[in-house]
Amino acid sequence: MSRRSPLRLARAAPGPGFTFTFDGRDIPAHPGQSVAAALWSAGVLSWRTTRVDGAPRGVFCGIGVCFDCLVTVNGSPGRRACVTVAHPGDVVTPQAGTGELP
């Protein structure tokens, strides 16, 4: 770790990485990382479709205001990926529209 590393400056020591699944794919994550950040790091840029025309959506605002990044986490729909912390073994699935049951 270099002298100017943010981890060194903050005296941070992140724990070991882990994985969660997204649409059946293992996604690596770090402790404290949001679902959206982990998905982006893994090259997944879209994980929801709009309810009217099925347009792809992912992160837009990144701070939990816009609801474009909705996913289903462990069976619970409507979770904002940008503010939902990833946990080992989470099962995350794409969401169509608002995730409401028909």
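Summarised in this report is the structure supplied together with it.

Definitions and cut-offs
Residues numbered from 1 in each chain as written. Predicted model: local features only at pLDDT ≥ 70, side-chain atom pairs only at ≥ 80, totals over all residues. Heavy atoms only, no water. Helix = DSSP H or I, 4+ residues; strand = E, 2+ residues; numbered from the N terminus. Buried < 20%, exposed > 50% of the residue type's maximum accessible area, 1.4 Å probe, protein only. Contact = heavy atoms within 4.5 Å. Pairing = 2+ DSSP bridges. Axes fitted to C-alpha atoms, helices over the stretch in contact; angles between N-to-C directions.

### Digging into the environment of Val-44
Phase 1 of the analysis: Within the element layout of this structure, Val-44 appears in the loop between helix 2 (35–41) and strand 3 (48–49).
Phase 2 of the analysis: Residue class for Val-44 comes out buried when judged on its relative accessible area of 9%.
Phase 3 of the analysis: Sequence separation between Val-44 and Phe-22 is 22 residues, and the spatial gap between their C-alpha atoms is 9.4 Å.
Phase 4 of the analysis: Val-44 has contacts with Phe-22, Arg-25 and Leu-39, leaving out every residue within four places of it along the chain.

### A short note on unusual backbone geometry
Phase 1 of the analysis: Within the chain, Phe-67 stands out as a residue other than glycine whose phi angle is a positive 65 degrees.
Phase 2 of the analysis: Tracing the sequence through the fold places Phe-67 in the loop between strand 4 (56–57) and strand 5 (70–73).
Phase 3 of the analysis: What makes Phe-67 partly exposed here is its relative accessible area of 41%.
Phase 4 of the analysis: Its identity as a non-glycine residue notwithstanding, Asn-74 has a phi of 50 degrees, on the positive side.

### Thoughts on the sheet that holds strand 1 (residues 18–22)
Phase 1 of the analysis: With mixed pairing, 5 strands are arranged side by side in an open sheet as 2-1-7-5-6. Each edge of the sheet is formed by a strand with only one pairing partner; in this case those strands are strand 2 (25–29) and strand 6 (76–80). Taken over all neighbouring pairs, the strand axes of this sheet differ in orientation by 40 degrees on average, direction set aside.
Phase 2 of the analysis: As judged from the 5 bridges shared by strand 1 and strand 2, these two strands associate in the antiparallel manner. Following the sheet pairing, Phe-22 is matched in strand 2 by Arg-25.

The values are spatial; any link to function lies outside them.
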